Amino acid sequence: MTLTTARPHDMQNHPETLFSVPGMHCAGCIAKIERGLAETPGIDSARVNFTAKRVTISHEDRLTVPDLVAAIGQLGFEAQPVIDPAALVSGEESKALLKALAVAGFAAMNIMLLSVSVWSGAEGGTRDLFHWLSAMIALPTIAYSGRTFFRSAWAALRHGRTNMDVPISIGVILTGALSLFETIVHGPHAYFDGAVMLLFFLLGGRYLDSVMRDRAREGVAALLKHTAPGALILDRDGRSHWVDAKDLARGMTMLVAAGERLAADGVITKGETRFDLSLLTGESAPVALGVGETVHAGTLNLLAPVEVRVTAIGADTAIADIARMMEEAGQSKSRYVRIADRAARLYAPAVHTLAALSFAGWMIAGAGWHEALLIAVAVLIITCPCALGLAVPAAQIVAAGALMKKGVLVKDGSALERLAEVDVALFDKTGTLTLGRPEPTNIDALRGEDAGLALALARASRHPLSQSLRRALETRGATAASVDAIGELPGFGVQGLWGGHAVSLGRPANSDATAAMAVEFRGTSAPVLLTFEDRLRPDAAAVISGLQAEGIASAIISGDRAAAVAPVARHLGLTAQTAMHPEDKLAAIARQTATGHKVLMIGDGLNDGPALAAGHASLAPASASDAGQNAADAVFMGDSLLPVLTSVRVARATQRIVRQNFILAIGYNAVAVPLAIAGMVTPLIAAAAMSGSSLIVVANALRLKGAAR
Amino acid sequence: MTGIAFLIPIALGLGLLGLVAFFWSLKSGQFEDLDGAGMRILIDDDDAGPKA
């Protein structure tokens, strides 16, 4: 082992902050980040999780989030603070299931070894010995690994309902008890192997289901940006210091630089600027605000630094109102009954009646109660929904894996089921149908050296239009000219000197309605007016027509003005409702739901949050607000809108496979149940039938692997 | 038959050993960062880098 520097114990209680560092891709990056950060004063240690592309930094209190981002930045990596996913995703459930699965696997293997000896003709004392050994392994295993099922079955029964776990629990417990009895009376057949193998297969299904939920939730958690992790607070004596969002208090004065998001609601006390409210209202054009006007948490300051007196924090902010609305809207989703449980409602009574009937039948036919009970239990084992328990999770995890490769993170299996059922799609406009960021439309107007000059000026500003211009120029391969004395003039733009010439990039001289989305470049020749627009996402038209082909009608519901929505609606040939508040969007979904439609909501903004929660299923782009991503059933990456169509198609393909799997499982029962009722099922046949049917179902599910292509 | 008296406990014991080893590795976080663990063996640590 290498030398490690011993650390005093009093340093152990330092805060830990998590950062997402998407740029790391090799062993060198791990070493560079961990060593580089550990050498930074104030940082105790850094630990990289490469799989999650995250760094956990343990540091002294005096280092703030921006300090740490800067420290990582110095090493050449872009970092974003993220919320500890452990707070959102407790991997505990998966871990407990994995342990139960490991125990069941161990037990199943060993009991199977003993059972094979019994089947191959062990008799008398040897058989009894092997049965006793099996019992000693199986009974603790059933008690330990079966807890998940017993607990869930008990919870359902207590509320007078039934689910898949009820027949499972009854089957496993009865089988264990009867096999123990057989062992005690030196009987020839013990079903310990069947009971434990059943648990093993079912836990496999449960584990897959749980892993899928964790993986997607963790993916989303990694995307969650702190909307504003805090603010720079101005003290009475004129100095400023960083305060975390949770420690902000009413009456504090925040210094909000251009390009920063507000951490709390407030009133502007100094300065004048434009705010991007699109997160809150969906409106794409920035709004000019001055002293005395109210601004809301989560909105983006575009132009000039302002001072804002905090008037509402935490639960009082406009964001929190929307969050409450989302919580209420999300309750309909929690009432959704998953397909496996719907199947169980029919299945459980059917198999229990069958088992009871065969017991009664054999009693009437003159068999002893012992033999009749043995046959009834054999029926229960054979019908135990081994394949059914795997049918759904196996298909869904393969589909979710295929979607993940296409950049869609599906949060859980129920989301896939709901996604397959939708018949109406409602799109938000800003940030969903469009990219949600301005793109220059006439960049060709910058000729020759103008491009280099504009790039040099644009680089100096954090204004979204400058940033967009910089990206566009850089992709076109422009190199920045050397401009001196670059300065940003609040309320106007950037200016500088190039070889004695004054050059500038800023607000157009003759401001009209379009001024918010245009800049004027004054170089060596005549001034050039550069216009910007929020472009449609690529493939938007293809997605709309693709959804149409799947029988899903689309429409736009937007918080933006009618004039801004009209061009998009016309281009895509969609009807649109405009200027909608979050509650209007909720009402629109409620109307559709009332007429029997199942709504797919696609949106990104905070204002879409309640609608995303209320929709039968919902999708959000990765550029969406935290609230949008939290509320949506699935999050898709990248600029293209195509994942929306892909998700629906894959969800429907999954549903088809799930249905096939159900048919396969029922077909298997149709063959095996008569054998069981006839009393011809020995433990050997039960074991073969169970593993055979499970393998077929899993193999069928694997066909979904290419479904997203 | 006396062979069984030895072989069965040995077989079960080895199986249990595997199970215990798996539980231990799960508890000590060896499955937390599967890709990273593979990468870390490539890091040269002759300059005694920090081990967190």
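What you are looking at is a predicted structure, and each value in this text was computed from that prediction instead of being measured. (Residues numbered from 1 in each chain as written. Chains lettered and ligands numbered in written order. Predicted model: local features only at pLDDT ≥ 70, side-chain atom pairs only at ≥ 80, totals over all residues. Heavy atoms only, no water.)

Each helix and strand in chain B was counted, giving two helices and zero strands. Per-residue burial for chain B yields a buried fraction of 19% across its 52 residues. Of the roughly 3,800 Å² of accessible surface on chain B, 70% is carried by carbon and sulfur atoms. (Helix = DSSP H or I, 4+ residues; strand = E, 2+ residues; numbered from the N terminus. Buried < 20%, exposed > 50% of the residue type's maximum accessible area, 1.4 Å probe, protein only. Areas by Shrake-Rupley, 256 points an atom, 1.4 Å probe, with all protein chains shown as cover.)

Here the focus is a nonpolar patch on the surface. All names here are of chain A. On the surface, a nonpolar cluster with roughly 590 Å² of combined accessible area is contributed by Trp-132, Phe-181, Ile-184, Val-185, Met-363 and Trp-369. Of note, Trp-369 is situated in helix α13 (residues 369–383). On the basis of relative accessible area, Trp-369 is assigned to the exposed category, the value being 52%. (Patch = residues over 30% accessible without salt bridge, like charges linked within 9 Å, V, L, I, M, F, W, Y side chains within 5 Å. Salt bridge = Lys/Arg side-chain N within 4 Å of Asp/Glu carboxyl O.)

Residue and element names in this part refer to chain A. Within the element layout of this structure, Asp-165 appears in helix α7 (residues 165–184). In terms of polar contacts, Asp-165 uses its side chain to reach the side chain of Ser-152, at 2.3 Å. Discounting chain neighbours no more than four positions away, the residues touching Asp-165 are Phe-149, Ser-152, Ala-153 and Arg-206. (Polar contact = N/O pair within 3.5 Å; in protein donor to acceptor, adjacent residues only side chain to side chain. Contact = heavy atoms within 4.5 Å.)

Residue and element names in this part refer to chain A. The biggest cluster of nonpolar side chains holds 61 residues, and the ones touching the most others in it are Phe-427, Leu-547, Leu-600, Ile-602, Leu-641 and Val-644. Sorting elements by how many residues they give to this core places helix α14 (residues 386–405) first, with 12 residues. Each of domain 2 (92–219 + 339–395 + 653–706) and domain 4 (406–435 + 537–652) gives at least three residues to this core. Once you skip the residues sitting within four places of it in the chain, Leu-547 turns out to touch Ala-425, Phe-427, Ile-552, Ser-554, Leu-645 and Val-648. Core analysis: the next-biggest nonpolar cluster, separate from the first, contains 38 residues, Met-197, Leu-202, Tyr-668 and Ala-687 among them. (Core = buried A, V, L, I, M, F, W, Y, C linked by side-chain atoms within 4.5 Å. Domains from an automatic or database assignment.)

Residue and element names in this part refer to chain A. In total, this model carries two aromatic pairs over all chains according to the counting rule given. Here Phe-181 and Trp-369 contribute two aromatic rings whose centre-to-centre distance is 6.2 Å and whose plane-to-plane angle is 45 degrees, an arrangement assigned as tilted. Linking Phe-181 in helix α7 with Trp-369 in helix α13, this pair joins segments that are 188 residues apart in sequence. The partly exposed category is assigned to Phe-181, whose relative accessible area is 35%. On the numbers, 6.0 Å between centres and 50 degrees between planes, the contact of Phe-200 with Phe-201 is tilted. Taking the relative accessible area as the measure of exposure, Phe-200 reaches 31% and is therefore partly exposed. According to the relative accessible area criterion, Phe-201 is buried, its value standing at 16%. (Phe/Tyr/Trp six-rings, centres within 6.5 Å; stacked < 30°, edge-to-face > 60°.)

All names here are of chain A. Strand order in the open sheet made by the six strands is β16-β21-β20-β19-β18-β17, with antiparallel pairing throughout. Both outer strands of the open sheet, β16 (434–440) and β17 (484–489), are each paired with one neighbouring strand and no more. Direction aside, the axes of adjacent strands within the sheet are offset by 15 degrees on average. For β17 and strand β18 (residues 493–498), the ladder comprises four bridges, and the chain directions are antiparallel. Bridged to Leu-489 within β18 is Gly-493. Against the sheet, helix α17 (residues 449–459) contacts β17, β18, β19 (501–506) and β20 (518–522), and its axis sits at roughly 65 degrees relative to β19. (Pairing = 2+ DSSP bridges. Axes fitted to C-alpha atoms, helices over the stretch in contact; angles between N-to-C directions.)

A few words on helix α20 (residues 562–572) of chain A. All names here are of chain A. All of the buried residues in α20 are Ala-564, Val-565, Val-568, Ala-569 and Leu-572. Here the buried residues of α20 occupy an arc of 120 degrees about the axis, which is enough to place them on one side. Exposed side chains of α20 directed beyond 90 degrees from the buried face belong to Ala-563, Arg-570 and His-571. In this structure, the buried side of α20 is in contact with α16 (429–433), β16, β21 (528–536), α19 (540–549), β22 (553–557) and β23 (576–577). Gly-573 sits one or two positions beyond α20 and adopts a positive phi of about 70 degrees. (Arc of directions from axis to C-beta.)

Before going further, it helps to examine the interface of chain A and chain B. Listed per partner, the contact involves 33 residues of chain A and 28 residues of chain B. Summed over both partners, the interface of chain A with chain B comes to about 2,600 Å²; 69% of that surface belongs to carbon and sulfur atoms. Across the contact surface, chain A and chain B share one salt bridge. Counting across the interface, chain A meets chain B through two residue pairs in polar contact (both at pLDDT 80 or more). Top element by residues in the side of chain A that touches chain B is helix α4 (residues 92–119) of chain A. It accounts for eight residues. (Buried area = accessible area lost by both parts, 1.4 Å probe.)

As a further point, take the sheet that holds strand β10 (residues 287–289) of chain A. Residue and element names in this part refer to chain A. What the three strands build is an open sheet, ordered β10-β9-β12; its pairing is antiparallel. Taken across any chain shown, the strands that pair with only one partner, and hence form the sheet edges, are β10 and β12 (300–301). Two strands pair when backbone bridges link them, and strand β9 (residues 273–276) and β10 are joined in this way by three bridges, in the antiparallel orientation. Paired with Thr-273 across the strands is Leu-289, a residue of β10.

When the pLDDT values of chain A are averaged, the result is 81; 89% of them are 70 or greater. Counting interchain partners and residues more than four positions distant, the pLDDT-below-50 stretch residues 1–11 of chain A has 10 contacts. (pLDDT = per-residue confidence, 0-100.)

Residue and element names in this part refer to chain A. In terms of burial, β22 is a largely internal element, four of the five residues being buried. Sheet topology places strand β15 (residues 424–427) next to β22; four bridges connect them, and they run parallel. The residue of β22 that forms the bridge with Ala-425 is Ser-554. Where β22 lies against β23, two bridges are found, and the strand directions are parallel.

Residue and element names in this part refer to chain A. The full count for this structure, using the stated rule, is 13 salt bridges over all chains. Among the salt bridges present, the one from Arg-342 reaches Glu-421, with a minimum N-O distance of 3.7 Å. Remark: Glu-421 occurs in helix α15 (residues 413–421) and Arg-342 occurs in helix α12 (residues 339–364); sequence separation between them is 79 residues. In this structure, Glu-439 engages Arg-535 in a salt bridge whose closest nitrogen and oxygen atoms are separated by 3.7 Å. Placement of the pair is Glu-439 in strand β16 and Arg-535 in strand β21, with a sequence separation of 96 residues. Judged by its relative accessible area of 38%, Arg-535 falls in the partly exposed class.

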